[in-house]
Amino acid sequence: SSGINAEWPLRPGVLSKMSKLSVLILLMVAMELAISSTRTLDKYRRKCLNKGFKSSIGCSSDKGKLRKGALKKCERLERRLKKFGFSCSISEPTEEPAFGYEVALR
(Lines give C-alpha, C1' and ligand atoms only; values in the text may rest on other atoms or scores of the structure.)
Protein backbone atom coordinates (compact mmCIF):
# COMPACT_ATOMS: atom_id res chain seq x y z
CA SER A 1 0.00 0.00 0.00
CA SER A 2 1.63 3.24 -1.14
CA GLY A 3 -0.80 5.48 0.73
CA ILE A 4 -2.61 6.64 -2.40
CA ASN A 5 -6.34 6.11 -2.28
CA ALA A 6 -7.19 4.59 -5.66
CA GLU A 7 -10.90 4.68 -4.87
CA TRP A 8 -11.09 8.46 -4.38
CA PRO A 9 -12.81 9.37 -7.67
CA LEU A 10 -15.18 6.44 -7.28
CA ARG A 11 -16.37 7.12 -3.75
CA PRO A 12 -20.13 7.62 -3.58
CA GLY A 13 -21.17 11.22 -3.19
CA VAL A 14 -17.94 12.88 -4.38
CA LEU A 15 -19.11 13.45 -7.93
CA SER A 16 -22.58 14.48 -6.83
CA LYS A 17 -21.09 17.07 -4.44
CA MET A 18 -18.89 18.38 -7.23
CA SER A 19 -21.81 18.59 -9.65
CA LYS A 20 -23.95 20.39 -7.04
CA LEU A 21 -21.13 22.87 -6.51
CA SER A 22 -20.82 23.39 -10.26
CA VAL A 23 -24.56 24.03 -10.60
CA LEU A 24 -24.45 26.46 -7.68
CA ILE A 25 -21.57 28.37 -9.24
CA LEU A 26 -23.38 28.54 -12.61
CA LEU A 27 -26.53 29.86 -10.92
CA MET A 28 -24.55 32.52 -9.10
CA VAL A 29 -22.92 33.65 -12.35
CA ALA A 30 -26.30 33.75 -14.12
CA MET A 31 -27.81 35.82 -11.30
CA GLU A 32 -24.89 38.24 -11.40
CA LEU A 33 -25.30 38.68 -15.15
CA ALA A 34 -29.03 39.31 -14.73
CA ILE A 35 -28.42 41.88 -11.99
CA SER A 36 -25.67 43.51 -14.01
CA SER A 37 -27.83 43.76 -17.13
CA THR A 38 -30.73 45.26 -15.12
CA ARG A 39 -28.43 47.85 -13.57
CA THR A 40 -27.01 48.68 -17.00
CA LEU A 41 -30.51 49.11 -18.43
CA ASP A 42 -31.55 51.41 -15.56
CA LYS A 43 -28.38 53.47 -15.96
CA TYR A 44 -28.92 53.64 -19.75
CA ARG A 45 -32.47 54.96 -19.29
CA ARG A 46 -31.53 57.43 -16.56
CA LYS A 47 -28.29 58.84 -17.95
CA CYS A 48 -28.86 58.51 -21.68
CA LEU A 49 -32.45 58.22 -22.86
CA ASN A 50 -33.81 60.73 -20.36
CA LYS A 51 -31.19 63.24 -21.56
CA GLY A 52 -31.79 62.89 -25.29
CA PHE A 53 -29.50 60.08 -26.49
CA LYS A 54 -30.64 58.78 -29.88
CA SER A 55 -30.87 55.01 -29.48
CA SER A 56 -29.96 52.55 -32.20
CA ILE A 57 -31.79 49.67 -30.48
CA GLY A 58 -35.26 51.16 -30.84
CA CYS A 59 -35.64 52.97 -27.48
CA SER A 60 -37.50 56.28 -27.38
CA SER A 61 -35.70 59.19 -25.80
CA ASP A 62 -36.44 62.67 -24.52
CA LYS A 63 -35.32 65.79 -26.34
CA GLY A 64 -31.91 67.11 -25.56
CA LYS A 65 -28.30 67.01 -26.63
CA LEU A 66 -25.46 65.20 -24.92
CA ARG A 67 -21.89 66.36 -24.66
CA LYS A 68 -19.15 64.37 -26.36
CA GLY A 69 -18.05 62.52 -23.18
CA ALA A 70 -21.62 61.63 -22.17
CA LEU A 71 -22.34 60.53 -25.72
CA LYS A 72 -19.40 58.09 -25.64
CA LYS A 73 -20.56 56.68 -22.29
CA CYS A 74 -24.06 56.16 -23.67
CA GLU A 75 -22.68 54.43 -26.75
CA ARG A 76 -20.66 52.15 -24.48
CA LEU A 77 -23.74 51.36 -22.37
CA GLU A 78 -25.75 50.62 -25.51
CA ARG A 79 -23.06 48.25 -26.81
CA ARG A 80 -23.19 46.44 -23.47
CA LEU A 81 -26.98 46.14 -23.69
CA LYS A 82 -26.68 44.76 -27.23
CA LYS A 83 -24.22 42.20 -25.88
CA PHE A 84 -26.86 41.16 -23.31
CA GLY A 85 -29.40 40.91 -26.16
CA PHE A 86 -31.60 43.88 -25.22
CA SER A 87 -33.72 45.78 -27.70
CA CYS A 88 -36.54 48.24 -27.10
CA SER A 89 -38.44 47.36 -30.26
CA ILE A 90 -41.60 45.31 -29.88
CA SER A 91 -41.89 42.35 -32.19
CA GLU A 92 -45.24 40.87 -33.07
CA PRO A 93 -45.58 37.12 -32.57
CA THR A 94 -45.66 35.12 -35.80
CA GLU A 95 -48.46 32.89 -34.52
CA GLU A 96 -51.07 33.19 -31.82
CA PRO A 97 -49.80 31.99 -28.42
CA ALA A 98 -51.61 29.09 -26.77
CA PHE A 99 -52.50 31.05 -23.60
CA GLY A 100 -53.79 34.36 -24.92
CA TYR A 101 -52.14 37.39 -26.45
CA GLU A 102 -48.53 38.12 -25.64
CA VAL A 103 -46.13 40.70 -27.00
CA ALA A 104 -42.47 39.79 -26.89
CA LEU A 105 -40.28 42.56 -25.48
CA ARG A 106 -36.76 41.98 -26.50
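Residues numbered from 1 in each chain as written. Predicted model: local features only at pLDDT ≥ 70, side-chain atom pairs only at ≥ 80, totals over all residues. Heavy atoms only, no water.

(A) Region of interest: a positive patch on the surface. On the surface, Lys43, Arg46, Lys47, Lys51, Lys68, Lys72, Lys73, Arg76, Arg79, Arg80, Lys82 and Lys83 cluster together into a patch of positive charge. Listed by contribution, the elements that provide at least two residues to the positive patch are helix H1 (14-47) and helix H2 (68-84). Considering each element in turn, the positive patch owes the most residues, 8 residues, to H2. Structurally, Arg79 can be placed in helix H2. (Patch = residues over 30% accessible without salt bridge, like charges linked within 9 Å, V, L, I, M, F, W, Y side chains within 5 Å. Areas by Shrake-Rupley, 256 points an atom, 1.4 Å probe, with all protein chains shown as cover. Salt bridge = Lys/Arg side-chain N within 4 Å of Asp/Glu carboxyl O. Lys, Arg positive; Asp, Glu negative; His and termini not counted. Charge placed at Lys NZ, Arg CZ, Asp CG, Glu CD. Helix = DSSP H or I, 4+ residues; strand = E, 2+ residues; numbered from the N terminus.)

(B) Just the nonpolar core, in detail. In this structure, Leu41, Tyr44, Cys48, Leu49, Phe53, Ile57, Cys59, Leu66, Cys74, Leu77 and Leu81 together form the largest nonpolar core, which totals 11 residues. Counting residues per element, the ones that place at least two in this core are H1 and H2. For this core, the element with the most residues is H2, which contributes 3 residues. In contact with Leu41, not counting residues within four places along its chain, are Leu81 and Phe86. (Core = buried A, V, L, I, M, F, W, Y, C linked by side-chain atoms within 4.5 Å. Buried < 20%, exposed > 50% of the residue type's maximum accessible area, 1.4 Å probe, protein only. Contact = heavy atoms within 4.5 Å.)

(C) The state of the cysteines, seen in detail. Scanning the entire structure with this criterion turns up 1 disulfide. Paired through a disulfide, Cys48 and Cys74 show a sulfur-sulfur distance of 2.1 Å. Around the S-S axis, the bridge from Cys48 to Cys74 shows a dihedral of about -100° and counts as left-handed. Placement of Cys48 in the loop between H1 and H2 and of Cys74 in helix H2 is noted, with a sequence separation of 26 residues between them. Of the two residues, Cys48 and Cys74, neither departs from the other in class, the shared state being buried. (Disulfide = S-S within 2.5 Å.)

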